[in-house]
Structures are given as C-alpha cells and as structure tokens.
Amino acid sequence: MRLNNREIEAIRSTVEAHFGRGSAICLFGSALDDHAFGRDGDLYIEPTVPPADNLFLARQACGHELELRLKRPVDVVVRRRSPTAFMRQAVAEGQRL
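Computed from a predicted structure; not experimentally measured.

S.K.: Explain the overall build of the chain here, please?
M.R.: Tallying secondary structure elements over the chain gives 3 helices and 4 strands in all. Here the C-alpha atoms of the chain give a radius of gyration of 13 Å, agreeing with the 13 Å that 2.2 N^0.38 yields for 97 residues. A principal-axis box enclosing the C-alpha atoms of the chain has dimensions of 40 × 30 × 20 Å. Looking at the 97 residues of the chain, the share that counts as buried comes to 36%. If you take every contact in the chain between residues at least 6 apart in sequence, the share linking residues at least 24 apart comes to 70%. Positive and negative side-chain charges of the chain, numbering 14 and 13 respectively, have mean locations separated by a distance of 3 Å.

What follows is the structure, encoded as structure tokens:
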C-alpha cells in the first residue's frame, strides 16, 4: 500500500467529518499495488451517519478535501442502500483503513 500514516490519518479524519465517526473506509485499486504507476486513490466508504443534505454533494466535498490534503486525485464511492457488485468487489479486494 502506498500510503503513509499521515495520509491514512488525513483520510480517516476527512471521511469522519463528512460521513460520521467509525465509517468504514476501504482503499482499493492501483493504490494497493506498490509497483503500479497510478497516482490516484480509490476509496469505498460505508457511512455510519447518512449525509445531512445530499449524498452526491457530500461525496464531492469529501473527495475534493481529500485531493487537497493528499495532493493527488481521489475517487470516492459511498454505499447507499444495498451494495452493488462493484462495491462488493472493492471490499473483497481492498484494504480497510
């Protein structure tokens, strides 16, 4: 995994600010491969608290803040009701933070 402790803490604090303390966070995709050249981060989030206003806006705000803090592109996938096949694959192949 190509994240240091400072980056992991930045991810946790940002996600918790937008989706609640204890939200599950899973890193997946090229960020898990130390030999891959991709510089983006792919995150799957299972919120403990539903966003107050709009899930789309909360996801966008969280992703934007993460990109500023990590200085790299970040794709954020947030679980809604029941997980899709893609979401299940992200959890199965990903690394929980």
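S.K.: What is the right way to look at helix α1 (residues 5-19) in this model?
M.R.: Residues separated by three or four positions in an α-helix point in the same direction, a consequence of the helix having 3.6 residues per turn. If you check α1, its first and last C-alpha atoms are 21 Å apart, about what 15 residues at 1.5 Å a residue would give, namely 21 Å. Listed in full, the buried residues belonging to α1 are E7, I8, A10, I11, T14, V15 and F19. Each buried residue of α1 sits inside an arc of 160 degrees when the element is viewed along its axis, so together they form one side. Turned more than 90 degrees away from the buried face of α1, the exposed residues are N5, R6 and A17. Buried residues along α1 sit in contact with β1 (24-28), β2 (41-46), α2 (55-70) and β3 (74-78). Where α1 begins, the capping side chain belongs to N4, and its oxygen is found 3.0 Å from the backbone nitrogen of R6. Just downstream of α1 lies G20, where phi reads positive at about 100 degrees.

S.K.: Help me out: how do you make sense of the packing of α1 against α2 in this one?
M.R.: Any two packed helices are characterised by how steeply their axes cross, that is the angle between the axes, and by the distance between the axes. Two elements in contact, α1 and α2, have axes whose closest approach is 10 Å; the angle formed by their N-to-C orientations is 155 degrees. By the criterion of interaxial angle, the relationship of α1 to α2 is roughly antiparallel. Judged by the twist between their axes, the crossing of α1 over α2 is right-handed. Residue-level inspection shows R6, E7, A10, I11, S13, T14, V15, H18 and F19 of α1 in contact with α2, the latter providing L55, A58, R59, A61, C62, E65, L66, R69 and L70. The residue inventory of the contact of α1 with α2, partitioned by class, reads 10 nonpolar, 3 polar and 5 charged.

S.K.: What exactly am I supposed to notice about the packing of aromatic side chains here?
M.R.: What characterises a pair of aromatic rings is the spacing of the ring centres plus the angle enclosed by the ring planes. On inspection of all chains with the given rule, the structure shows 1 aromatic pair. Taken together, a centroid distance of 5.7 Å and an interplanar angle of 80 degrees make the contact between F28 and F86 edge-to-face. Taken together, the residues span a long stretch of sequence, with F28 in strand β1 and F86 in helix α3 (residues 85-93) at a distance of 58 residues. For F28, a relative accessible area of 11% translates into the label buried.

S.K.: Hey, could you run me through the pairing of β2 in this one?
M.R.: A regular strand places its side chains on the two faces of the sheet in alternate fashion. The buried fraction of β2 amounts to 5 of the 6 residues, a majority that puts the element mostly inside the structure. Examined bridge by bridge, β1 and β2 share 5 bridges and lie antiparallel to one another. Note that in β2 the partner of C26 across the bridge is Y44.

Rules used throughout
Residues numbered from 1 in each chain as written. Predicted model: local features only at pLDDT ≥ 70, side-chain atom pairs only at ≥ 80, totals over all residues. Heavy atoms only, no water. Helix = DSSP H or I, 4+ residues; strand = E, 2+ residues; numbered from the N terminus. Rg over C-alpha atoms; globule rule 2.2 N^0.38 Å. Buried < 20%, exposed > 50% of the residue type's maximum accessible area, 1.4 Å probe, protein only. Contact = heavy atoms within 4.5 Å. Lys, Arg positive; Asp, Glu negative; His and termini not counted. Charge placed at Lys NZ, Arg CZ, Asp CG, Glu CD. Expected span 1.5 Å × (residues − 1). Arc of directions from axis to C-beta. Polar contact = N/O pair within 3.5 Å; in protein donor to acceptor, adjacent residues only side chain to side chain. Axes fitted to C-alpha atoms, helices over the stretch in contact; angles between N-to-C directions. Parallel < 35°, antiparallel > 145°, perpendicular 65-115°, else oblique. Left-handed = near helix turned anticlockwise from the far one by under 90°. Nonpolar A, V, L, I, M, F, W, Y, C, P; charged D, E, K, R; others polar. Phe/Tyr/Trp six-rings, centres within 6.5 Å; stacked < 30°, edge-to-face > 60°. Pairing = 2+ DSSP bridges.

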